[in-house]
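One-letter residues, chain by chain:
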Amino acid sequence: MPDPVEFRVGLKKKKRGVTAVTTQAHELDVVDVSKAFVGTRALLPTSLSVKTGEFVTILGPSGCGKSTLLRIITGITEPSGGRVLLRGKDITHLPPERRDVAIVFQSYALFPHMSVADNILFGLKMKRVPKEERKRRFAQVVAICGLENLVTRSPRQLSGGQQQRVALARALVVQPALLLLDEPLSNLDAKLRETLREELMALHRRTGSTTLYVTHDQSEAMSMSDRIIVMKDGQVVESGAPRSLYMRPRQRFTALFFGHTNIVPVKVDGSQARLPWGGSVALVEKSSGCGEISLRPECLTLAADATGPGVITAATFMGADVHYTVRIGDRLLRARHGSTAPFAEGTRVSVTVDTPVSLLAAELPGLTGATTEAQ
Ligand code: ATP
């Protein structure tokens, strides 16, 4: 078995020979990077950082500039402006082979005429890594990626999932300061995606590699990431831990992009937001005036109440859950509850919220097109 600690990427040696990953340092800093193609502003000036050992996901719809950003970090695409720093060193104009960065593409881009072993060893040979060291690292990644029985095959003789593991092994073997993954699961069927998602996470835990992952799949982003950076129309919308972006988004676009929600107008008084149908919800920070909040369907607590303001107008059995539509006046809310004691259509209910929320901020300029789910 390889020594996972020894294999960690981005290790710092402590004085007494004990190794530890620094968690504070920034491995990557993207500073005001922009990109204009003829007739397209693919990226507005964009800044982001990734700490050593962090798994950060860039999440956004097709065409928002995710791949352009990754290609600029790799050096395949030249930015129109801004700087890219790796461990504090300006690499903006270095060619790709002189950056300590490895990328796995959606298509895997394996060399079809080479065996799995030669694909994995290619980067080490290019870097003129001594033979003994090549053998050692090869054995490590082959074991970590579960490729022991496949090394003599050609990529044509592999399934999609196996090719994906070879592409990962080829990237990991060079022990890059930064691992970039550009939608590496999107060509696979749903079941394999789920399995490989778990494998990727296990791999990340074992190697400690600083990783920047790109996807348009919010469940993939939420399940894998330490932090998510949400992008739209060539700019960063907001970033944060998966749970806080999901439960307490600051931007309407984020609220809607992460799945079903209710956008509800509120009147704010200190740390309480008054709901339009009565009652209030706690805010994570104090404010005043009028605003909007995002309430996830599972955050609405329904209780049968003959004098309650809501009426169940639709109930859809989904197995573990029942999805409800609740009418309050002319407003329709989505709610979701466990299916053990379902409410019948026509039941009058009270609607309360126990989870603290954030006020949605004013839209960023240019961030249009987000549709309101609930009225
Ligand atoms: P997807 O998820 O579909 O891969 P993305 O978020 O990765 O999308 P990019 O590939 O970065 O988006 O593209 C951002 C914008 O830049 C798009 O409008 C795209 O059409 C445009 N674009 C990308 N590459 C080029 C190019 N070489 N020439 C002109 N326009 C380009």
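Above this note sits the structure.
Reference entry: report on the structure contained in this document. If you're wondering where the values come from, they're calculated on a predicted model, not measured in any experiment.

Examining the environment of V142
With respect to the helices, strands and loops of the structure, V142 is situated in helix α4 (residues 131-144). Along the sequence, V142 and V173 sit 31 residues apart, while their C-alpha atoms lie 9.0 Å from each other.

Overview of α4
Between the first and last C-alpha of α4 there are 20 Å, a value that for 14 residues agrees with the 20 Å anticipated at 1.5 Å per step. Here α4 has its buried residues at R137, Q140, V141, V142 and I144. Two residues or fewer past α4, G146 is found with a positive phi of approximately 65°.

As for the sheet that holds strand β18 (residues 331-338)
Spatially, five strands are ordered β15-β19-β16-β17-β18 in an open sheet, and the strand pairing comes out antiparallel. Lying at the two open borders of the sheet, with one neighbouring strand each, are β15 (300-304) and β18. Neighbour-to-neighbour, the strand axes of this sheet turn through a mean angle of 40°, independent of strand direction. Pairing of strand β17 (residues 321-328) with β18 involves eight bridges; the strand directions are antiparallel. By the bridge assignment, T325 is partnered in β18 with R334.

Section: the site of the ligand
Surrounding the ligand, one finds F37, T40, A42, G60, S62, G63, C64, G65, K66, S67, T68 and H216. Contributing elements (two or more residues each) for the shell around the ligand: β4 (40-51) and α2 (66-74). Looking at the shell around the ligand, the element that brings in the most residues is α2, giving three residues. Looking at the shell around the ligand residue by residue, the classes come out as three nonpolar, eight polar and one charged.

Some thoughts on the nonpolar core
I73, A169, A171, L180 and L212 are the most contacted members of the largest nonpolar core, which totals 86 residues. The element contributing the most residues to this core is helix α5 (residues 160-172), with six residues. In this structure, this core is formed jointly by two domains, domain 1 (4-244) and domain 2 (263-353), each of which donates at least three residues. Not counting the four nearest positions on each side in its chain, A171 is found in contact with A102, I103, V104, P176 and L179.

About the criteria used
- Residues numbered from 1 in each chain as written.
- Predicted model: local features only at pLDDT ≥ 70, side-chain atom pairs only at ≥ 80, totals over all residues.
- Helix = DSSP H or I, 4+ residues; strand = E, 2+ residues; numbered from the N terminus.
- Expected span 1.5 Å × (residues − 1).
- Buried ≥ 20, exposed ≤ 12 C-beta atoms within 10 Å, placed from the backbone.
- Pairing = 2+ DSSP bridges.
- Axes fitted to C-alpha atoms, helices over the stretch in contact; angles between N-to-C directions.
- Near = placed C-beta within 6 Å.
- Nonpolar A, V, L, I, M, F, W, Y, C, P; charged D, E, K, R; others polar.
- Core = buried A, V, L, I, M, F, W, Y, C linked by C-beta atoms within 7 Å.
- Domains from an automatic or database assignment.
- Contact = placed C-beta atoms within 7 Å.

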